[in-house]
Amino acid sequence: MNTIGPKVNLTPGSISTAVDRLVERGLVNRVEIPEDRRVRVVSLTAKGKELIAPIFRKHAAEIRKVFADASPKELRALGATLKKIGKRAENLGTGINPKYSSQR
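Everything numeric here is computed off the predicted structure, so don't read it as measured data.

(A) The arrangement of a nonpolar patch on the surface in detail. A cluster of nonpolar side chains, namely Ile63, Val66, Phe67, Leu75, Leu78, Leu82 and Ile85, defines an oily patch on the protein surface of about 590 Å² accessible area. Looking at the nonpolar patch, the elements with two or more residues in it are α3 (46-66) and α4 (72-91). Per-element accounting of the nonpolar patch gives the leading share, four residues, to α4. Relative to the elements of secondary structure, Val66 occurs in helix α3.

Shown next, in the form of structure tokens:
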């Protein structure tokens, strides 16, 4: 859950509370890893997937509308630029220069 927090800008306590509520509603499962009790894996349940699937479909349709006027070449250039920016953002504070980090 420590992986989720920074991505959604929430503290570990806030994430735990949110996950607790989602578990209570049957939308996610939280599983502790026996080898490392500090690690908990959170995943969607069938009910959670059923709830989120139409939301993702609607979002994807809206994104397609936003980019409808862009050519395939423009979309490829945008994708490459966003990957570069994403790598830079991911490596901020780690001291890793994305030019020298491994390809993903």
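(B) Just the environment of Val39, in detail. Within the fold, Val39 resides in strand β2 (residues 36-44). Beyond its immediate stretch of four places on either side in the chain, Val39 contacts Val31, Glu32 and Ile33.

(C) Representation of α3. Taking 1.5 Å of rise per residue, the 21 residues of α3 would be expected to cover 30 Å, and the 30 Å separating its terminal C-alpha atoms lies within 8% of that figure. The largest bend in α3 is about 30°, located at Ile52, with the proline Pro54 one to four residues further on.

(D) Here's a closer look at the pattern of salt bridges. Under the counting rule described, the total for this entry stands at four salt bridges. Among the salt bridges present, the one from Glu32 reaches Arg40, with a minimum N-O distance of 3.6 Å. The class for Glu32 is partly exposed, based on a relative accessible area of 44%. Judged by its relative accessible area of 33%, Arg40 falls in the partly exposed class.

(E) Local environment of helix α2 (residues 12-24). Compared with the 18 Å implied by 1.5 Å per residue over 13 residues, the 18 Å span of α2 between its first and last C-alpha is a close match. The first or second residue beyond α2 is Gly26, which carries a positive phi of 75°.

What counts, and where the lines are drawn
Counting from 1, residues in each chain are numbered in the order their sequence is written. Only residues with pLDDT of at least 70 get local features here, since the model is predicted, and only at 80 or more are side-chain atom pairs given and counted; chain-wide, interface and lining totals rely on the full set of residues. No hydrogens and no water enter the side-chain calculation; it runs on all heavy atoms of the structure. Note that patches include only residues with greater than 30% relative accessible area and no salt bridge, and the join distances are 9 Å for like charges and 5 Å for nonpolar side chains (Val, Leu, Ile, Met, Phe, Trp, Tyr). Per-residue and other accessible areas were derived by the Shrake-Rupley procedure at a 1.4 Å probe size, with only the shown protein chains allowed to occlude residues. Criterion for a salt bridge: a side-chain nitrogen of Lys or Arg within 4 Å of a carboxyl oxygen of Asp or Glu. Where helices and strands are cited, they refer to DSSP runs of H or I of at least four residues and of E of at least two residues respectively, numbered from the N terminus. Throughout, a contact is declared for two residues whenever any of their heavy atoms are within 4.5 Å. How far a helix is expected to stretch is found by multiplying one less than its residue total by 1.5 Å. Consider a residue and the seven residues that end there alongside the seven that start there; fitting an axis to each set, the bend is the angle between those axes. Exposed residues in this analysis have more than 50% of their type's maximum accessible area, buried residues have under 20%, and partly exposed residues fall in between, with area computed by a 1.4 Å probe over protein chains only.

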